[in-house]
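# Fold and contact review
The primary structure of each chain is shown beneath.
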Protein chains: 2
Amino acid sequence: METGPVKPWHLDRVPTCPLVMTLNILGGKWKPLILHRLASGTLRFGELRKRIPAVSQKMLTQQLRELEADGMIVRTVFPEIPPRVEYSLSSRGLSLRPLLDQLYRWGQTELMSEEAPADKSWS
Amino acid sequence: METGPVKPWHLDRVPTCPLVMTLNILGGKWKPLILHRLASGTLRFGELRKRIPAVSQKMLTQQLRELEADGMIVRTVFPEIPPRVEYSLSSRGLSLRPLLDQLYRWGQTELMSEEAPADKSWS
DNA sequence: CAGAATCCTTCAAGATACTG
DNA sequence: CAGTATCTTGAAGGATTCTG
């Protein structure tokens, strides 16, 4: 009913610098993480949670709704019992895969030069 | 002395996914913006404020300190009166210029396809 | 000019309980 | 399973004042 969907810490909705607009969409605390996880393929709600352990269920739901509203992801509800909901990247969401990869790699090369952990439970 | 400098909304300091580590550094509300502005060259505190109108003086100071602590920018104080402080990207900061450019361009191509504003007061 | 220090308000987000 | 609904609070962040 659009009663004011929390709107976390968006800077502005008025068109400004393209970078600001990008950050309005990607700037959410968990959004890049969510998008990156989904970049590997469709995931159910519960699976997504497991891949981002630190996020609460409430936050995850909220961020997913915002990403959906911004056209970054697609939410598919299967009318089953128990319910099943799958999330995947939209075409727009897919368009920033290279960006997410670059973010990932920057952290790799610039922040983890040494200290390569044996397990790669995330990736 | 690392007494706990506010530490805004970092996810974790323990090494996790490279993307998480990257977001710990870049994830601040204004940080990508600051870094992008500095990517064009050294700026004084006041100049930086003018280029990010929505940020308060307090927030700008805070974010700059964090970026400095993370080795992304260099803060140079000139012992003059009135004081002058200049900020510029460190070598590490420079290393993510392509990333910032890509963020900027994604917003341009994906969010501003039509509706190209005549003035480009930001850029 | 470039902040530091206070005070104060809002709100992001955790915890918990409930539901189709 | 995948949420919604409430309640509560820590802290993000604004406004203002003071200073080297």
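Description of the structure in this document. (Residues numbered from 1 in each chain as written. Chains lettered and ligands numbered in written order. Predicted model: local features only at pLDDT ≥ 70, side-chain atom pairs only at ≥ 80, totals over all residues. Heavy atoms only, no water.)

## Quick notes on the overall build of chain A
Secondary structure summary: chain A contains six helices and three strands in total. Each of the 123 residues in chain A was classed as buried or not, and the buried ones make up 42%. Sequence separation of 24 or more characterises 43% of the internal contacts of chain A that already satisfy a separation of 6 or more. About 6,800 Å² of surface is accessible on chain A, with carbon and sulfur atoms providing 54% of the total. (Helix = DSSP H or I, 4+ residues; strand = E, 2+ residues; numbered from the N terminus. Buried < 20%, exposed > 50% of the residue type's maximum accessible area, 1.4 Å probe, protein only. Contact = heavy atoms within 4.5 Å. Areas by Shrake-Rupley, 256 points an atom, 1.4 Å probe, with all protein chains shown as cover.)

## Comments concerning the relation of the copies chain A and chain B
Both copies of the chain are placed relative to one another by a rotation about an axis and a shift along it. Each copy of the sequence occupies a distinct position, and chain A is placed on chain B by a rotation of 180 degrees and an axial shift of 0.0 Å, giving an RMSD of 0.0 Å. Between the two chains, the operation in question is that of a two-fold axis. (Least-squares fit on C-alpha atoms with pLDDT ≥ 70 in both.)

## Here we look at the sheet that holds strand E1 (residues 43-44) of chain A
Residues and elements named next belong to chain A. A sheet is described by the order of its strands in space; here three strands give the open sequence E1-E3-E2, paired in antiparallel fashion. Two strands bound the open sheet, and with one partner strand each, they are E1 and strand E2 (73-78). By the bridge criterion, two bridges tie E1 to strand E3 (residues 84-89) in an arrangement that is antiparallel. Directly across from Leu43, in E3, lies its bridge partner Tyr87. (Pairing = 2+ DSSP bridges.)

## Description of helix H4 (residues 57-69) of chain A
Since the α-helix advances by 3.6 residues per turn, residues separated by three or four positions end up pointing in the same direction. Residue and element names in this part refer to chain A. Taking 1.5 Å of rise per residue, the 13 residues of H4 would be expected to cover 18 Å, and the 18 Å separating its terminal C-alpha atoms lies within 8% of that figure. Inspection of H4 places Leu60, Gln62, Gln63, Leu64, Glu66 and Leu67 among the buried residues, and these make up the whole buried set. Next to the buried residues of H4 lie helix H1 (18-26), helix H2 (31-39), helix H3 (45-51), E2 and E3. Looking one or two places after H4, you find Gly71, whose phi comes out positive at around 75 degrees. (Expected span 1.5 Å × (residues − 1).)

## Quick word on the environment of Leu26(B)
Note that Leu26(B) resides in helix H1 (residues 18-26). For Leu26(B), a relative accessible area of 12% puts it in the buried group. With 78 residues separating them in the primary sequence, Leu26(B) and Tyr104(B) have C-alpha atoms 14 Å apart. Other than its neighbours up to four places away in sequence, Leu26(B) contacts Leu103(A), Lys31(B), Pro32(B), Leu35(B), Leu96(B) and Leu99(B).

## Remarks on the nonpolar core
Of all hydrophobic cores here, the largest spans 66 residues; its most connected members are Ile34(A), Leu35(A), Ile73(A), Ile34(B), Leu35(B) and Ile73(B). When residues no more than four places from it in sequence are discounted, the contact partners of Ile73(A) are Leu35(A), Leu38(A), Leu64(A), Leu67(A), Glu68(A), Tyr87(A), Ser88(A), Leu89(A) and Ser90(A). (Core = buried A, V, L, I, M, F, W, Y, C linked by side-chain atoms within 4.5 Å.)

## Considering unusual backbone geometry
Note that the residue after Ile81(A), namely Pro82(A), is joined by a cis bond; omega there is 0 degrees. Inspection of the secondary structure assignment puts Pro82(A) in the loop between E2 and E3.

## Digging into the pattern of salt bridges
Residue and element names in this part refer to chain A. By the definition in use, this model includes eight salt bridges over all chains. Two residues, Arg84 and Glu86, come together in a salt bridge whose shortest N-O distance is 3.0 Å. Each of Glu80, Arg84 and Glu86 takes part in one network of salt bridges that share partners. (Salt bridge = Lys/Arg side-chain N within 4 Å of Asp/Glu carboxyl O.)

## What to know about the interface of chain A and chain B
Between chain A and chain B, the contact holds 35 residues from the first and 35 residues from the second. Buried area between chain A and chain B, both sides added, is near 3,500 Å², and the carbon and sulfur share of it is 78%. Arg92(A) serves as the salt-bridge partner of Glu110(B), at 3.8 Å between the closest nitrogen and oxygen. Summed over the shared surface of chain A and chain B, the result is eight residue pairs in polar contact (both at pLDDT 80 or more). Counting only elements with at least two residues in the side of chain A that touches chain B, the list comes to H1, H2 and helix H6 (97-111) of chain A. Here the side of chain A that touches chain B gets ten residues from one element, more than from any other, and that element is H6(A). A breakdown of the residues in the side of chain A that touches chain B according to their chemical character gives 23 nonpolar, eight polar and four charged. (Buried area = accessible area lost by both parts, 1.4 Å probe. Polar contact = N/O pair within 3.5 Å; in protein donor to acceptor, adjacent residues only side chain to side chain. Nonpolar A, V, L, I, M, F, W, Y, C, P; charged D, E, K, R; others polar.)

Remember that the coordinates give geometry; whether it matters functionally is a separate question.
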